[in-house]
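Descriptive analysis of the structure
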Amino acid sequence: MIKCVFAIEDEKKKKRERERERMEMVEDVVIVGAGIAGLATAVALKRAGIRSLVLEKAEELRTTGSALTLFPNAWLALDALGVSHKLTSLYASNTKPRVVHRKVLLMALADELPHNSIRFSSKITAIETKTQEGSSISVLHLDDGTTIKAKVLIGCDGVHSVVGRWLGLGEVVDSGRSAVRGLSLYPQGHGFNQEVNQFLTGGTRAGYVPIDDKQVYWFVACRSKVEELATDPKEIQKEITEKFAKNFPERFKDIVENSDLSTLSWAPLKFRYPWQVLFGNLCNENITVAGDAMHPMTPDLGQGGCSALEDAVVLGRHIATSFIQNGGLIVPKEMPKLLAKYVQERKWRVTLLIAGSYMSGRVQQGGSVLKFLRDVLFYKFLLPRVFAKLMNYDCGKLPSVPEFGELDKTK
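Residues numbered from 1 in each chain as written. Predicted model: local features only at pLDDT ≥ 70, side-chain atom pairs only at ≥ 80, totals over all residues. Heavy atoms only, no water.

With an unreviewed UniProt entry as reference, the protein is termed Monooxygenase 2 isoform X2, source organism Ziziphus jujuba. The UniProt entry for the protein carries this comment under Sequence similarities (unreviewed entry): "Belongs to the 3-hydroxybenzoate 6-hydroxylase family." (UniProt positions renumbered as here; feature names shortened; annotations may be inferred.)

Structure (structure tokens):
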């Protein structure tokens, strides 16, 4: 009888130890956020044979925002990531910027990752750092009790980044403007030319561009207060057609009327002050940020998603180079230096993009006072000579990988 009791207690002890092991994980690289920046960074690392774990607090891939515009710099980054071919076959190529469905882009990136690379419903409650064998490692605590240790922690968790707050980055600020975005459907075909169209009147800017023969992506950017923004799709549609687009051509109103209501969103345009990016703490030991977690910007140059893809390639290149040079190992003591190099390479460019995007929005929607600057300085000089170069930037390639770095895709 006594032996039986000891056996039961021993089994209970072993069970508790197994449960504890399941709740304690150790990873080379942990990426927080399964958006464009997070998934693209995971793909960049995978190209070098580096496994990463992506933590996403939502239950599935989030597709907030119906579509986004990808300029040449984004396509160069997608080339480096090896996924551009998945998109070029789906979207028209006779417009310089191509509009793609956000969900399609996310799925194209996610499909490149090994099975179980993304852990959904994973909310971080605390981040701490510890020293292990002379090097810093991150310890993440999740709301389900799981603890994850990481040699590298990358925050790609958006404008309200948990990782960014841990680094001490300032909160985003309201630009005083907001934007409505949506997709319009024409089952019988819309008949529009495959080109970007834009309208500007009374401080409100709007535009549209066909995605294909039956879908059109459109937007309206206007001055408004957060508390004034409608949330019901039908109310959004009504307010745009009756108020903000009343002086625009009838074809634009028709596009709004043909919107798929499920794609409509109205949100304030927020950004991070450029000097907070330029002089802020963008990395600390083995922790850094990318995408909107680093450099949220207004959409006036269409560079939010584009620059996130660039971040992924540059960060992936720095980590992968170290990984390859060390025979296929992530060496913790090297991480602070290489993350600092990544930040140094990115911060000047993204600071310029934040400032340029903000200035672009202010000048284009500034009313009659800024009309001269808009018509002469912006459209005739800055846009074709300065901003065009920013949109054609090449972030470079990922390093070639020897055999030991090959990572088989297991789906």
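1. So, the overall build of the protein
Each helix and strand counted, the protein has twelve helices and 15 strands in total. Considering only residue pairs separated by 6 or more positions, the protein has 74% of its internal contacts joining residues 24 or more positions apart. When the accessible area of the protein is evaluated, it comes to approximately 19,500 Å², of which 52% is carbon and sulfur surface. (Helix = DSSP H or I, 4+ residues; strand = E, 2+ residues; numbered from the N terminus. Contact = heavy atoms within 4.5 Å. Areas by Shrake-Rupley, 256 points an atom, 1.4 Å probe, with all protein chains shown as cover.)

2. Some points on the side chain of Arg349
In this structure, Arg349 sits in helix H11 (residues 335-364). There is a polar contact of 2.7 Å between the side chain of Arg349 and the side chain of Glu310. Look past the residues within four positions of Arg349 in its chain and what remains in contact with it is Asn73, Gln303, Glu310, Leu390 and Tyr393. (Polar contact = N/O pair within 3.5 Å; in protein donor to acceptor, adjacent residues only side chain to side chain.)

3. Quick notes on the nonpolar core
When a protein is soluble and globular, its nonpolar side chains tend to lie buried together. Core analysis: the biggest nonpolar cluster contains 93 residues, and Leu39, Leu70, Leu78, Leu81, Leu309 and Ile319 have the highest contact counts within it. Looking at this core, the element that brings in the most residues is helix H10 (residues 304-325), giving ten residues. Residue contacts for Leu70: discarding those within four places in its chain leaves Trp75, Leu78, Lys96, Pro97, Arg98, Val100, Cys306 and Leu309. With 21 residues, the next largest nonpolar core counts Tyr186, Phe199, Ile255 and Leu264 among its residues. (Core = buried A, V, L, I, M, F, W, Y, C linked by side-chain atoms within 4.5 Å. Buried < 20%, exposed > 50% of the residue type's maximum accessible area, 1.4 Å probe, protein only.)

4. Some thoughts on the environment of Arg181
By the secondary structure assignment, Arg181 is in strand E9 (residues 173-185). Through-space distance from the C-alpha of Arg181 to that of Thr263 is 7.6 Å; in sequence the pair is 82 residues apart.

5. A closer look at the pairing of strand E2 (residues 52-55)
Burial of E2 is two-sided: the residues Ser52 and Val54 facing one way and the residues Leu53 and Leu55 facing the other way are all buried. Of the pairings in the sheet, the one linking strand E1 (residues 24-32) to E2 comprises four bridges and is parallel in character. By the bridge assignment for E2, Val30 is matched with Leu53. Between the parallel pair E1 and E2, the chain is carried across by helix H2 (residues 36-47), and the sense of this crossover is right-handed. Bridge count between E2 and strand E5 (residues 118-119): two bridges; the pairing is parallel. When the bridges of E5 are listed, Leu55 appears paired with Arg119. (Pairing = 2+ DSSP bridges. Right-handed = clockwise from strand over helix to strand, strands pointing away.)

6. Structural notes on unusual backbone geometry
Here Ser121, not a glycine, exhibits a phi torsion of approximately 55°, which is positive. Residue position: Ser121 is located in the loop between E5 and strand E6 (124-132). Among the residues examined, Ser121 registers a relative accessible area of 41% and is labelled partly exposed. The backbone phi angle of Glu133 is positive, close to 55°, even though this residue is not glycine. With respect to the element layout, Glu133 can be found in the loop between E6 and strand E7 (135-142).

7. Brief notes about empty space enclosed by the protein
Scanning the model with the defined rule gives two cavities of 30 Å³ or more in all. As for the largest cavity, its lining consists of Val159, His160, Ser161, Gly164, Arg165, Leu169, Gly170, Glu171, Val172 and Arg272. Taken together, the residues of the lining of the largest cavity sort by class into three nonpolar, four polar and three charged. (1 Å grid on protein atoms, 1.4 Å probe; cavity = no way out; pocket = protein on both sides within 12 Å on 5 of 7 lines; lining within 4 Å. Points joined across faces, edges and corners; volume = space filled by probe spheres on them. Nonpolar A, V, L, I, M, F, W, Y, C, P; charged D, E, K, R; others polar.)

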